[in-house]
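Tertiary structure, described
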Amino acid sequence: MNPVLNLVKVSLEYPDGDSTLRALDAVDLRVEAGEFFSLVGPSGSGKSSLLAVAATLVRPGSGLVVIDGVDATGLKGAGLTSLRREKVGIIFQQPNLLPSLTAVEQLILADHLRGKPAAKARKRATELLDVVGLGPSLNKRPHQLSGGQRQRVNIARALMGRPRVLLVDEPTAALDHERSESIVRLLRRVTEEFSTATVMVTHDTEFLPLTDSVATMRDGRLDVACSPQP
Ligand SMILES: Nc1ncnc2c1ncn2[C@@H]1O[C@H](COP(=O)(O)OP(=O)(O)OP(=O)(O)O)[C@@H](O)[C@H]1O
Ligand SMILES: [Mg+2]
């Protein structure tokens, strides 16, 4: 099967005083539709940098970033923005919801910013909030929701654009154990239901068995992926 996300020999350097810091060193990564891939590794090893490159937010110094068959490194400007909007969903540790908007409005706004027609947005937003278990809370504002519920809104919002690739950076870092497990289980379920190629960065190694594959970053290099222990 062709991977939906395919990184080929991706390297990224940041300026560091008089020299450079190699954040990514010839990284190869292939993730298929419906695959839940997890990425672990010490702080500063390059995990968030890898997600930023896969999200096309940062252009690598060399290598290819192929998303759903399109080489993002060959695009720029409007072409790159539309590839990102149409194919990539991004979920960070902090949900960054707008305080004045209800859960359903957060999702509708995300669609609006993508330039999508408003007519169908409310229906889809309502359906997605149902999928993440927030059907009864769709008219609540962020301060009326728990941390776990806010993260569920964040996940539903990322799914509004029907992404093929879902990139998730430490989604459970601010949550207690029980809520963390339910968020990882939810990510597993939406990966299957929406056939996304999902990459999750996490420090919670106890949840790795809920994912399909695990790889470790060390000093910008990605160690060969192995199957998580059952
Ligand atoms: N914008 C930047 N400019 C310069 N250096 C950066 C930048 N972003 C990250 N770095 C450096 O690149 C390396 C990798 O950082 P990155 O954020 O990818 O690590 P990480 O594995 O996500 O760490 P953590 O687990 O702490 O989130 C680090 O040495 C970091 O200091
Ligand atoms: Mg990070």
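Attention in this report is confined to the structure presented alongside it. This is a predicted model, so every value here is computed, not measured.

What follows concerns the overall build of the protein. Looking only at helices and strands, the protein has 6 helices and 10 strands in total. A compact globule built from 230 residues should have a C-alpha radius of gyration of about 17 Å, and the protein, at 17 Å, falls within 12% of that. For the protein, the spread of C-alpha atoms along the three principal axes comes to 50 × 40 × 40 Å. Considering the protein as a whole, with its 230 residues, one finds that 50% of them fall into the buried category. Residue pairs at least 24 apart in sequence account for 70% of intrachain contacts in the protein once pairs closer than 6 positions are excluded. Total accessible area on the protein is roughly 11,100 Å²; 50% of this is exposed by carbon and sulfur atoms. Where the 28 positive side-chain charges of the protein centre and where its 26 negative ones centre are 8 Å apart.

Close contact between helix 3 (residues 103-113) and helix 5 (residues 147-159) brings their axes to 9 Å; oriented N to C, the two are set at 30°. Classified by the interaxial angle, the pair formed by helix 3 and helix 5 is roughly parallel. Both helix 3 and helix 5 take part in a crossing whose hand is right-handed. Contacts between helix 3 and helix 5 involve Ala-103, Gln-106, Leu-107 and Ala-110 from the former and Val-153, Ala-156 and Arg-157 from the latter.

Turning to the site of ligand 1, a few remarks are in order. The local shell around ligand 1 holds 13 residues, among which Ser-43, Gly-44, Lys-47, Ser-48 and Ser-49 are the closest. At 2.5 Å, a side-chain N or O of Ser-43 approaches an oxygen atom of ligand 1. The contact in question runs from an oxygen atom of ligand 1 to an N or O atom on the backbone of Gly-44, over 2.8 Å. Mapped onto the shell around ligand 1, the elements with two or more residues apiece are strand 2 (19-31) and helix 1 (47-54). Sorting elements by how many residues they give to the shell around ligand 1 places helix 1 first, with 3 residues. Its residues placed into classes, the shell around ligand 1 shows 4 nonpolar, 7 polar and 2 charged.

Our next topic: helix 3. Buried within helix 3 are the following residues: Ala-103, Val-104, Gln-106, Leu-107, Ile-108, Ala-110 and Asp-111. In this structure, the buried side of helix 3 is in contact with helix 4 (121-131) and helix 5. With its phi angle positive at about 80°, Gly-115 sits one or two positions after the end of helix 3.

Moving on, we get to the pattern of salt bridges. Any two side chains of opposite charge can pair, given that their charged atoms come close. Applying the stated rule across the entire model yields 13 salt bridges. A salt bridge links Glu-13 to Arg-22; the shortest N-O distance between them is 2.7 Å. The exposure class of Glu-13 is partly exposed, given its relative accessible area of 39%. A residue is classified by how much of its surface remains accessible, and Arg-22, at 40% relative accessible area, is partly exposed. The salt bridge partner of Asp-223 is Arg-218, with a shortest N-O separation of 2.4 Å. Asp-223 gets classed as partly exposed once you look at its relative accessible area, which sits at 33%. Residue classification places Arg-218 among the partly exposed residues on the basis of a relative accessible area of 45%. The structure contains a network of salt bridges with shared partners spanning Glu-13, Arg-22, Asp-25 and Arg-221.

Rules behind the numbers
For every chain, the first residue of the written sequence is number 1, and numbering continues from 1 along that sequence. Each chain takes a letter, starting from A, and each ligand takes a number, starting from 1, following the order in which they are written. Per-residue local features of the predicted model are confined to residues with pLDDT of at least 70, and side-chain atom pairs are confined, for both listing and counting, to 80 or more; whole-chain, interface and lining totals are unaffected and use all residues. With hydrogens and water excluded, all non-hydrogen atoms of the structure serve as input to the side-chain values. Numbering goes from the N terminus for both helices and strands, where a helix is a DSSP run of H or I of at least four residues and a strand is a run of E of at least two. We compute the radius of gyration over the C-alpha atoms and compare it with the globule rule, which gives 2.2 Å times the number of residues raised to the power 0.38. Burial here depends on accessible area, computed with a 1.4 Å probe over protein chains only, as a share of the maximum for the residue type. Under 20% is buried, over 50% is exposed, and the range in between is partly exposed. Any pair of residues with heavy atoms lying within 4.5 Å of one another is described as a contacting pair. Exposure was quantified through the Shrake-Rupley algorithm and a 1.4 Å probe, taking into account, for residues, occlusion by the shown protein chains and nothing else. Think of it this way: Lys and Arg go in the positive column, Asp and Glu in the negative one, and His and the chain ends go nowhere. For charged residues, the charge sits on one atom: NZ in Lys, CZ in Arg, CG in Asp, CD in Glu. Only the stretch in contact is used when a helix axis is fitted, and all axes are lines through C-alpha atoms; the angle between N-to-C directions ranges over 0 to 180 degrees. Relative orientations are named as follows: roughly parallel for angles under 35 degrees, roughly antiparallel for angles over 145 degrees, roughly perpendicular for angles from 65 to 115 degrees, and oblique for any other angle. Take the far helix as your reference; a near helix turned counterclockwise from it by less than a right angle gives a left-handed crossing, and one turned clockwise gives a right-handed crossing. Nearness is judged by heavy atoms alone; a residue qualifies as near a molecule or strand once a single heavy atom is within 4 Å of it. Under this definition, polar contacts are N or O atom pairs within 3.5 Å; protein pairs additionally need one hydrogen-donor-capable and one acceptor-capable atom, and for neighbouring residues in sequence, both atoms have to be side-chain atoms. Note on residue classes: Ala, Val, Leu, Ile, Met, Phe, Trp, Tyr, Cys and Pro are nonpolar, Asp, Glu, Lys and Arg are charged, and everything else, Gly too, is polar. Here, a salt bridge means any Lys or Arg side-chain nitrogen found within 4 Å of an Asp or Glu carboxyl oxygen.

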